[in-house]
Amino acid sequence: MFIVYASLILIAASLIFLGIYAFKAYKDAKPAIKKLTAISTVMQLKADQLKNGVDELTATQKEIRRDINYKKQTFNNTISAVKETPKKIKKWWNIKIPFIHQIK
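Thresholds, definitions, all that
Residues numbered from 1 in each chain as written. Predicted model: local features only at pLDDT ≥ 70, side-chain atom pairs only at ≥ 80, totals over all residues. Heavy atoms only, no water. Helix = DSSP H or I, 4+ residues; strand = E, 2+ residues; numbered from the N terminus. Buried < 20%, exposed > 50% of the residue type's maximum accessible area, 1.4 Å probe, protein only. Areas by Shrake-Rupley, 256 points an atom, 1.4 Å probe, with all protein chains shown as cover. UniProt positions renumbered as here; feature names shortened; annotations may be inferred. Salt bridge = Lys/Arg side-chain N within 4 Å of Asp/Glu carboxyl O. Patch = residues over 30% accessible without salt bridge, like charges linked within 9 Å, V, L, I, M, F, W, Y side chains within 5 Å.

Within an unreviewed UniProt entry, the label attached to the chain reads DUF948 domain-containing protein, and the organism entered is Cytobacillus pseudoceanisediminis.

Now the structure itself:
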């Protein structure tokens, strides 16, 4: 019977020591957990800032592309009009206007 009581006392003592060391380990780890949580929060904020920056750059890039395409189209239309100018001058030159051609 003595062995049973000694075993129960030993189990109870080991559980008490386990509780004490578990609490101490938790108490020691609490600052590290808080630090990791703070670092995680800062990293999340930085990631959000980067995402916002990427979105802003993407919007700016689209705007620049639209502007370039508009300017390219305007330039091409101008070049096309300049290329057509000699044909139009020739066409107008060949038109017979009666009162102008009679003044010779």
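A.B. asks: So what's going on with the overall build of the chain? Residues and values would help.
C.D. replies: Of regular secondary structure, the chain possesses two helices and zero strands. Split into buried and exposed, the 104 residues of the chain put 0% on the buried side. Total accessible area computed for the chain in this model is approximately 10,400 Å², and 69% of it derives from carbon and sulfur atoms.

A.B. asks: An account of the UniProt feature "transmembrane region" (unreviewed entry) in the chain is needed here, citing residue identities and associated values.
C.D. replies: Within this structure's numbering, the places UniProt gives as "transmembrane region" (unreviewed entry) are residues 6-26. With 100% helix and 0% strand, residues 6-26 has its two end C-alpha atoms placed 30 Å apart.

A.B. asks: Describe the pattern of salt bridges, listing the residues and the values that go with them.
C.D. replies: Counted by the stated rule, this structure contains three salt bridges. The salt bridge involving Lys51 is made with Asp55; its shortest N-O contact spans 3.7 Å. With Lys51 and Asp55 both in helix α1 (residues 2-93) and four residues apart, the pair spans about one turn of that helix. Look at Asp55 and you get partly exposed, because its relative accessible area is 40%.

A.B. asks: Before we move on, could you go through a nonpolar patch on the surface and cite the residues and values that matter?
C.D. replies: Taken together, Met1, Val4, Tyr5 and Leu8 make up a surface patch of nonpolar side chains, about 460 Å² in accessible area. Counting through the fold element by element, Tyr5 comes out in helix α1.

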